[in-house]
Amino acid sequence: MTDPIERIEAALTRLGAEHEPPAGWEARVFAKIAQERHAEPAPRRPRWWMFAIPAVSVSVAVVAAIVVCWPRPDGFTLAVTFDRHSEVVRSGGAPNAGDVAHATVTGGGPHRAVWIYRDDVLVTACPGGDRTQCESSGEETTATVRLTMGKYQMVALTSSVPIAPPAGELDSDLARAQDAGATLDRKPVMVR
Amino acid sequence: MTPANPKLLPDRPSGDARDASSSTDPDSDVVGLVANGDMTGALRLLMARHGTTVYRYCREALRDATLADDVQQQVFIAAFRDLPGFSQRASVRTWLFAIARHRVLDAVKARRRAGSHIEEDDAMDVPDPRPSAGESIDDVRLGQALVDCLRKLREKVRIALLLRFQQGFSFEDMAVVCQEKPGTLQAQVTRALPILRACIELRTGGAL
């Protein structure tokens with residue numbers, strides 16, 4: 001006959017074996033990490049020229065237009081532009097950490113959305129995101145994000161039906177949107 | 001009720017326990033990814049490898065599925081934040097469960113402050129039908145009674161029991177997780193087991 005204490009120990013070993021974490025929990029972890037990162041203030045790096053220039057404006061707004069060349073018959077396009085906040089200029093116009101990216105979807109069907117991912121994890125989604133990050137007017141929807149190091153995917157979507165909000169993970173979000181009939185356009189942006 | 005003959009438990013891991021005292025950490029590949037700066041990859045591996053066990057630990061410690069889900073996520077968010085500073089003084093798994101234990105205790109305190117003592121998983125607690133005199137308790141009834149009796153223990157004792165048996169940690173590793181001496185934890189566990197036995201037998205009316 002098994003010792004009673006050993007039976008209890010064995011029962012403790014089995015405790016909770018029937019439980020599994022809810023589906024999609026990993027994506028939610030990454031989404032929360034992305035949200036926390038985005039909420040962090042951008043590092044301020046005082047440079048010698050910031051003291052030389054009069055305090056009227058210290059940010060140089062140089063707009064480098066990068067247009068994704070996949071025009072759809074219905075005029076559906078994704079355009080990504082950058083506000084530069086660094087004196088470092090990279091070849092090919094690639095942005096730096098600290099620059100602000102604006103991803104704008106134009107045209108297409110009655111429903112439009114812009115989703116921005118960093119390292120495959122959702123950073124912001126418009127519509128539905130923070131007011132400071134999203135702007136919609138007429139035929140355009142724009143998502144804005146301050147860039148940190150990583151590989152970004154700017155994704156534009158359009159559909160004749162409402163677009164379900166993303167769960168937080170790039171591949172599964174896009175697969176779900178396409179299954180629901182949305183047309184996608186995407187552009188990678190590498191930030192070093 | 002005092003134990004007639006308290007048993008000193010050998011410090012043995014059980015189940016799928018990983019031996020933290022071995023020279024090679026089973027999660028050394030996670031450490032490698034961290035060293036290469038791939039925090040995302042390291043986190044993915046941690047979640048794939050330990051996500052379920054951390055969840056089950058939180059679920060049994062908190063007895064609340066929703067809270068356990070939230071705390072589990074907090075554990076891995078904190079792990080991601082702290083990975084760059086991981087010092088390898090303990091195994092990755094031990095380090096991870098130290099985070100989990102802190103988060104669980106924080107959740108317990110927050111729940112107590114909020115005045116919410118209802119543990120969702122016990123909402124349908126139905127008294128166990130008593131067996132006939134002399135009948136021993138089967139494993140199913142034992143498991144049900146064990147869950148109820150664990151609730152009556154102090155959180156730290158309940159957590160020590162889960163770490164020792166559900167998760168299979170040695171007392172040395174538990175000392176790192178709980179920031180207590182191994183002997184203290186061993187004594188807590190040793191004292192708790194006869195108390196659980198008495199509670200289970202009282203609750204079920206049967207004999208183990």
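Every value quoted in this text rests on a predicted model; they were computed, and no experiment measured them. (Residues numbered from 1 in each chain as written. Chains lettered and ligands numbered in written order. Predicted model: local features only at pLDDT ≥ 70, side-chain atom pairs only at ≥ 80, totals over all residues. Heavy atoms only, no water.)

Q: Sorry if this is basic, but what is going on with the overall build of chain A here?
A: Regarding its fold elements, chain A presents four helices and nine strands. In sequence order, chain A lays out its α and β elements as α-α-α-β-β-β-β-β-β-β-β-α-β. Going through the 192 residues of chain A one by one, you find that 41% of them count as buried. Counted over contacts in chain A with a minimum sequence separation of 6, partners at least 24 positions apart contribute 67%. (Helix = DSSP H or I, 4+ residues; strand = E, 2+ residues; numbered from the N terminus. Buried < 20%, exposed > 50% of the residue type's maximum accessible area, 1.4 Å probe, protein only. Contact = heavy atoms within 4.5 Å.)

Q: Explanation requested: the confidence of the model for chain B in the structure shown.
A: Low-pLDDT stretches of the model should not have their predicted coordinates read in fine detail. Residue and element names in this part refer to chain B. Per-residue confidence for chain B gives a mean pLDDT of 83; residues scoring 70 or more make up 79%. In this model, residues 1-8 is a region of pLDDT below 50 whose contacts with residues beyond four sequence positions or in other chains number eight contacts. Contacts from residues 122-127, a stretch scored under 50 in pLDDT, to residues over four places away or in other chains number nine contacts. Both scores are given for the predicted complex: the pTM is 0.57, the ipTM 0.82. (pLDDT = per-residue confidence, 0-100.)

Q: Explain the interface of chain B and chain A to me, please; I cannot follow it from the model alone.
A: Quite often, the size of an interface is put as the accessible area lost when its parts meet. Contacts between the two partners involve 39 residues from chain B, matched on the other side by 30 residues from chain A. When chain B packs against chain A, close to 3,300 Å² is buried across both sides, 64% of that on carbon and sulfur atoms. Taken as a group, Arg56(B), Gln73(B) and Leu208(B) account for 17% of the area that chain B buries against chain A, more than any other trio of residues on that side. Our count for the chain B to chain A interface comes out at four salt bridges. In this structure, Arg7(A) and Asp139(B) form a salt bridge, with 2.7 Å as the shortest nitrogen-oxygen distance. (Buried area = accessible area lost by both parts, 1.4 Å probe. Salt bridge = Lys/Arg side-chain N within 4 Å of Asp/Glu carboxyl O.)

Q: Explain the state of the cysteines here, please?
A: Taken as a whole and assessed by the stated rule, the structure comprises two disulfides over all chains. Through a disulfide, Cys126(A) is tied to Cys134(A); the S-S separation comes to 2.0 Å. Judged by the sign of its S-S torsion, about -80°, the cystine formed by Cys126(A) and Cys134(A) is left-handed. Exposure class is identical for Cys126(A) and Cys134(A). Each is buried. Here Cys149(B) pairs with Cys199(B) through a disulfide, and the sulfurs are 2.1 Å apart. Since a negative S-S torsion denotes a left-handed disulfide, the Cys149(B)-Cys199(B) link at about -85° is left-handed. Remark: Cys199(B) occurs in helix H8 (residues 182-204) and Cys149(B) occurs in helix H5 (residues 139-151); sequence separation between them is 50 residues. Taken as a pair, Cys149(B) and Cys199(B) share a single burial class, namely buried. (Disulfide = S-S within 2.5 Å.)

Q: What is the right way to read a positive patch on the surface from this model?
A: All names here are of chain B. A surface patch of like charges, here positive, comprises Lys109, Arg113, Arg154, Lys156 and Arg191. Tracing the chain through its elements places lysine 109 in helix H4 (residues 92-113). For lysine 109, a relative accessible area of 46% corresponds to the partly exposed category. (Patch = residues over 30% accessible without salt bridge, like charges linked within 9 Å, V, L, I, M, F, W, Y side chains within 5 Å. Areas by Shrake-Rupley, 256 points an atom, 1.4 Å probe, with all protein chains shown as cover. Lys, Arg positive; Asp, Glu negative; His and termini not counted. Charge placed at Lys NZ, Arg CZ, Asp CG, Glu CD.)

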